[in-house]
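Here are the chains, one letter per residue:
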Amino acid sequence: MTKTTESKRRRDMAIGIAIGHLIGDTITALNSNIANDEARWITAKSKDRRQQ
């Protein structure tokens, strides 16, 4: 097994943190989009019911 240097370990950790943040931001954006779509759907359905 090769010895991992401290600089490589730090670089790998930084890359992992960056990827983790990207994934977290993506999940947050997707949840926000889903919530907005649900709110739009509920609003559209409510308007349809009032017109009937």
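Residues numbered from 1 in each chain as written. Predicted model: local features only at pLDDT ≥ 70, side-chain atom pairs only at ≥ 80, totals over all residues. Heavy atoms only, no water.

Draft legend 1. Inspection of the pattern of salt bridges at higher detail. By the definition in use, this model includes four salt bridges. The partner of Asp-12 in a salt bridge is Arg-11, with the nearest N and O atoms 3.9 Å apart. On the basis of relative accessibility, which here comes to 36%, the residue Asp-12 falls in the partly exposed class. For Arg-11, a relative accessible area of 47% translates into the label partly exposed. Linked through salt bridges whose partners overlap, the residues forming this network are Glu-6, Arg-9 and Arg-10. (Salt bridge = Lys/Arg side-chain N within 4 Å of Asp/Glu carboxyl O. Buried < 20%, exposed > 50% of the residue type's maximum accessible area, 1.4 Å probe, protein only.)

Taken by themselves, the reported measurements are silent on function.
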